[in-house]
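Structure assessment
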Amino acid sequence: MNDSTPFFAHIAVVGAGAVGSFFGAMLARAGHRVVLIGRPAHVEAIRREGLQLQMKGGTERVALEAQTDIAAVQGADLVLLCVKSPDTEAVALEMAPHLGADALVLSLQNGVDNAARAARHLPCAVVPSVVYVATAMPAPGIVAHFGRGDLVIGSPDAALQPRLQAVAALFGAAGVPVVVSPDVMGELWRKLMLNCAYNAISAIAQQPYGAMVALPEIQAVMREVVEEVVAVARADGQRLDLDACLQAMDQLAPAMPGQMSSTAQDLARGKPSEIDHLNGFIARRGEALGVATPVNRTLHALVRLAEAARRGG
Ligand SMILES: NC(=O)C1=CN([C@@H]2O[C@H](COP(=O)(O)OP(=O)(O)OC[C@H]3O[C@@H](n4cnc5c(N)ncnc54)[C@H](OP(=O)(O)O)[C@@H]3O)[C@@H](O)[C@H]2O)C=CC1
Ligand SMILES: CC(C)(CO)C(=O)C(=O)O
C-alpha cells in the first residue's frame, strides 16, 4: 500500500457502466475496497461470476462488491461519479444523504459542467476530471478496454491539493496514470470542442469519422462548430487557441477513421444521448454570453429530432 491509503479506505463507483466499471476494476485488482453501484443485470452478473475485464493481453475476472442501491455509497471517502451527463443531478441528489463532508467525489464524465452541477447537491468537494479511455460494456458483467486509460484532474481549491495528489498516487499505483493539472477546465473544454465537432454529425448521418472528413462540406461545418466553441469558451474565461483546436480536430479522424461517436451509438441503441451537454451546452452558454452559435444550435436540434423520431418509431 502507499501513502494514499489512509485517505481512501472505501471507494464507490456510482454509475457502473463502461467507464465506471473499468476504473473501478483497475482499483479493485490493485487491492482496494471498491463497490460498484449500477443496474440490476450488471450487478447480478458481477455477483455471480465477478467482473470480466477484457484487455488486449486477455480477460481477467475481478472480484468486487456490486450493488444496485445508491445507499451503498455510505461511508465512501472517494466516489467516482460515472453516470452520463443527463443523470448527474438526479444521482447527486440520491447520493447526498449518504455522503459526509470529508468525502471526495471525482466526476469521470465528458462535458464541462458535471462537477459543478453535482456539487450543488452534495455536502462534499466535487472535482472534475478529463477521461481519456475507450471502453464499452458488450454485455452485463463484462467491460472491454480498447485504449488509453488515464485521467487529468484538478481544482483551484488549495486545501484539496494533498487529496488530489493522493488520488494520483492511488490510481498511479493501480496502473492508471493521473495528472493533476492547474488547467483541468481548459482540458475539459478542449475535449468538449472535439465532441461538438464529431459527435452530432456522426450521429445524424450514422457515419464514422473517416467518412465524415472525406467530404469537404462536412469539414467546413466542423470548422464552424469549433470556431463557435472557441468563441464561447473565450467569452467564458477559458484560453482556447483556435489553431490548436482545429489541429486537434484534424488529427482525430485519421487516428480513428472507423469510430462512430458515442452519440451515434446512443442513437442507434435508442438510448438518451449527452447532446444537451455537448452542442446543446454551447448553444445555451453562447446565448447567455451573447455569442452566436447557429451551427451548434442546429446540430443539437437535429440530434434531438433524431432522438424523438427513434422514441416515436
Ligand atoms: N465509454 C467511454 O469510452 C468514454 C466515456 N466517457 C464519458 O464518461 C461518462 C460515462 O460514460 P459511459 O461509462 O460510457 O456510460 P454508460 O452508460 O456505459 O455508464 C453509465 C451507467 O450508469 C448507470 N446509471 C445511471 N443512473 C444510475 C443510478 N441512479 N444508479 C445506478 N446506475 C445508474 C447507467 O444505467 P442506464 O444506462 O440504465 O441509465 C449506465 O449503466 C460519460 O460522460 C461519457 O461521455 C469519456 C471518455 C470515454
Ligand atoms: C473523442 C470522441 C469523439 C471519440 O469517439 C468521444 O469522446 C465520443 O465519441 O464521445
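Residues numbered from 1 in each chain as written. Chains lettered and ligands numbered in written order. Predicted model: local features only at pLDDT ≥ 70, side-chain atom pairs only at ≥ 80, totals over all residues. Heavy atoms only, no water.

Defined as follows: UniProt positions are given in the numbering used here, feature names are shortened, and annotations may be inferred rather than shown by experiment.
In the annotation of an unreviewed UniProt entry, the chain is listed under the name 2-dehydropantoate 2-reductase and assigned to Piscinibacter aquaticus. Quoted verbatim from the Pathway (unreviewed entry) heading of the UniProt record, the comment on the chain is "Cofactor biosynthesis; (R)-pantothenate biosynthesis; (R)-pantoate from 3-methyl-2-oxobutanoate: step 2/2." Its UniProt record, at the heading Function (unreviewed entry), says of the chain: "Catalyzes the NADPH-dependent reduction of ketopantoate into pantoic acid."

A word on the nonpolar core
How we decide: As used in this record, nonpolar core signifies buried Ala, Val, Leu, Ile, Met, Phe, Trp, Tyr and Cys residues forming a set joined through side-chain atoms within 4.5 Å. Here the term buried applies to any residue with accessible area under 20% of the maximum for its type, exposed to any over 50%, and partly exposed to those in between, with areas from a 1.4 Å probe on protein chains only.
Ranked by size, the top nonpolar core spans 40 residues in total, and within it Phe23, Leu78, Leu80, Leu106 and Phe171 carry the most contacts. Core analysis: the second largest hydrophobic core is formed by 37 residues, Leu192, Val230, Ile275 and Ile282 among them.

Some points on the site of ligand 1
Short version of the rule: Summary of the distance rule: residues count as near a molecule or strand when at least one heavy atom falls within 4 Å of that molecule or strand. N or O atoms within 3.5 Å of each other form a polar contact, as long as, within protein, one can give a hydrogen and the other can take it, and as long as residues adjacent in sequence are counted only when both atoms are side-chain atoms. Using a 1.4 Å probe, the Shrake-Rupley method yields the accessible areas, and only the shown protein chains count as cover for residues. Runs of E in the DSSP output that reach at least two residues are strands. Runs of H or I that reach at least four are helices, and both are numbered from the N terminus. Classification used: nonpolar for Ala, Val, Leu, Ile, Met, Phe, Trp, Tyr, Cys and Pro, charged for Asp, Glu, Lys and Arg, polar for all others including Gly. Segment limits for the domains were obtained from an automatic or database-derived domain assignment.
Around ligand 1 sit 23 residues, and of these Val19, Arg39, Thr135, Lys271 and Glu274 come closest. Between ligand 1 and valine 133 there is a distance of 3.5 Å, counted from an oxygen atom to a backbone nitrogen or oxygen. In isolation ligand 1 offers 900 Å² of accessible surface; the protein chains occlude 81% of this area. If one sorts the elements of the shell around ligand 1 by residue count, strand E8 (residues 125-139) sits on top with 4 residues. Here the shell around ligand 1 is built from residues that sort into 10 nonpolar, 6 polar and 7 charged. Counting contributing residues per domain, the shell around ligand 1 is built from domain 1 (11-181) and domain 2 (185-312), each supplying no fewer than three.

A look at a nonpolar patch on the surface
Threshold: Residues enter patches when their relative accessible area tops 30% and they take part in no salt bridge; the joining distance is 9 Å for like charges and 5 Å for the nonpolar side chains Val, Leu, Ile, Met, Phe, Trp and Tyr. Each salt bridge in this description consists of a side-chain nitrogen of Lys or Arg and a carboxyl oxygen of Asp or Glu lying within 4 Å of one another.
Side chains of Ile204, Leu302 and Leu305 sit close together on the surface and give an oily, nonpolar patch of about 270 Å² of accessible area. Along the polypeptide, isoleucine 204 turns up in helix H6 (residues 184-205).

Thoughts on the site of ligand 2
Residues in contact with ligand 2, as listed here, are Asn110, Asn195, Asn199, Tyr209, Met256, Gln259, Ser261 and Ser262. Here asparagine 195 contributes a side-chain N or O atom positioned 3.0 Å from an oxygen atom of ligand 2. Summarising the interface, the protein chains cover 84% of the accessible area of ligand 2, which totals 280 Å² for the free molecule. Its residues assigned to classes, the shell around ligand 2 shows 2 nonpolar, 6 polar and no charged.

A word on helix H5 (residues 161-173)
Applicable threshold: Here the expected span of a helix is defined as 1.5 Å times the quantity of residues minus one.
If you check H5, its first and last C-alpha atoms are 18 Å apart, about what 13 residues at 1.5 Å a residue would give, namely 18 Å. Downstream of H5 by a residue or two, glycine 175 has a phi angle that is positive, lying close to 85°.

A short note on the UniProt feature "domain: Ketopantoate reductase C-terminal" (unreviewed entry) in the chain
Under the present numbering, the feature "domain: Ketopantoate reductase C-terminal" (unreviewed entry) in UniProt falls on residues 183-306. Within the segment residues 183-306, helix and strand shares are 75% and 0% respectively, and the terminal C-alpha atoms sit 35 Å apart.

Focus on the environment of methionine 95
What counts here: For this analysis, residues touch if any pair of their heavy atoms sits within 4.5 Å.
One can find methionine 95 in helix H3 (residues 88-95). Its relative accessible area of 0% is what places methionine 95 among the buried residues. Linking methionine 95 and valine 232, residues 137 residues apart in sequence, is a C-alpha distance of 32 Å. In this view, methionine 95 contacts Val14, Ile70, Val73, Val79, Leu81 and Leu122; residues no more than four positions away in its chain are not counted.

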